[in-house]
Amino acid sequence: QVRLVESGGGLVQPGGSLRLSCAFSGLAFSNYAMNWYRQAPGKEREWVAGISSKGGTTNYADSVKGRFTISRDNIETAAYLQMNSLKPEDTAVYYCNAQRSAGYWGQGTQVTVSS
């Protein structure tokens, strides 16, 4: 089975940056599209960004366009989310998702944006 482990979360001031990493363990990483989701307290989990299996296509939620960048390394078998110009409303637990016929989720990493 696929295992996903997120890292890189933490506390950052508004306007700051963080880079989240998602380490993929398992077979055929390059056959999975990868996504980042987030969930704030009292809110539903929302999709943030996605990247196609070979990295040729990226998509973003309107709320993060121009600020976040999703990427992947199919040799290292990892996905990343570079987050710039962070806002308090970005505060959430961020989850990595591997998407194929079945979906897999990591445990999440907390991102807190506060002064």
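Relevant structure appears above.
Residues numbered from 1 in each chain as written. Predicted model: local features only at pLDDT ≥ 70, side-chain atom pairs only at ≥ 80, totals over all residues. Heavy atoms only, no water.

S.K.: Outline the overall build of the protein chain, supporting the account with residue identities and numerical values.
M.R.: Counting its secondary structure elements, the protein chain contains zero helices and 11 strands. Starting at the N terminus and ending at the C terminus, the protein chain contains elements arranged as β-β-β-β-β-β-β-β-β-β-β. In terms of C-alpha radius of gyration, the protein chain reaches 13 Å, essentially the compact-globule figure of 13 Å for 115 residues. Here the C-alpha coordinates of the protein chain stretch approximately 40 × 25 × 25 Å along the principal axes. Counting over 115 residues, the protein chain shows a buried share of 43%. Counting every atom, the protein chain has about 6100 Å² of accessible surface; 46% of that belongs to carbon and sulfur. Mean positive and mean negative side-chain charge positions of the protein chain (11 and 8 charges, respectively) differ by 4 Å. (Helix = DSSP H or I, 4+ residues; strand = E, 2+ residues; numbered from the N terminus. Rg over C-alpha atoms; globule rule 2.2 N^0.38 Å. Buried < 20%, exposed > 50% of the residue type's maximum accessible area, 1.4 Å probe, protein only. Areas by Shrake-Rupley, 256 points an atom, 1.4 Å probe, with all protein chains shown as cover. Lys, Arg positive; Asp, Glu negative; His and termini not counted. Charge placed at Lys NZ, Arg CZ, Asp CG, Glu CD.)

S.K.: An account of the environment of glutamate 89 is needed here, citing residue identities and associated values.
M.R.: Mapped onto the elements, glutamate 89 comes out in the loop between strand S8 (78-83) and strand S9 (92-99). A residue is classified by how much of its surface remains accessible, and glutamate 89, at 55% relative accessible area, is exposed.

S.K.: Hey, could you go over the sheet that holds strand S7 (residues 68-73) for me, with residue numbers and the actual values?
M.R.: Read from one edge of the open sheet, four strands run S1-S3-S8-S7, paired in antiparallel fashion. The open sheet terminates on both sides in strands that have one partner only, identified here as strand S1 (3-7) and S7. Strand-to-strand, the axes of this sheet are offset by a mean angle of 15°, without reference to chain direction. (Pairing = 2+ DSSP bridges. Axes fitted to C-alpha atoms, helices over the stretch in contact; angles between N-to-C directions.)

S.K.: Describe the environment of asparagine 74, and please don't skip the residues or the numbers.
M.R.: When you line up the elements, asparagine 74 lands in the loop between S7 and S8. Each C-alpha atom, one on asparagine 74 and one on serine 30, is 5.8 Å from the other, the two residues being 44 residues apart in sequence. Of note is the side chain of asparagine 74, whose polar atom sits 3.1 Å from the backbone oxygen of serine 53. (Polar contact = N/O pair within 3.5 Å; in protein donor to acceptor, adjacent residues only side chain to side chain.)

S.K.: Tell me about the pattern of salt bridges, and name the residues and values.
M.R.: Side chains that differ in sign of charge can pair as their charged atoms come close. Evaluation of the coordinates by the stated rule reveals four salt bridges. Residue lysine 65 pairs with aspartate 62 through a salt bridge whose shortest N-O separation is 3.2 Å. For aspartate 62, a relative accessible area of 67% corresponds to the exposed category. When salt bridges that share partners are traced, they join Arg38, Glu46, Arg67 and Asp90 into one network. (Salt bridge = Lys/Arg side-chain N within 4 Å of Asp/Glu carboxyl O.)

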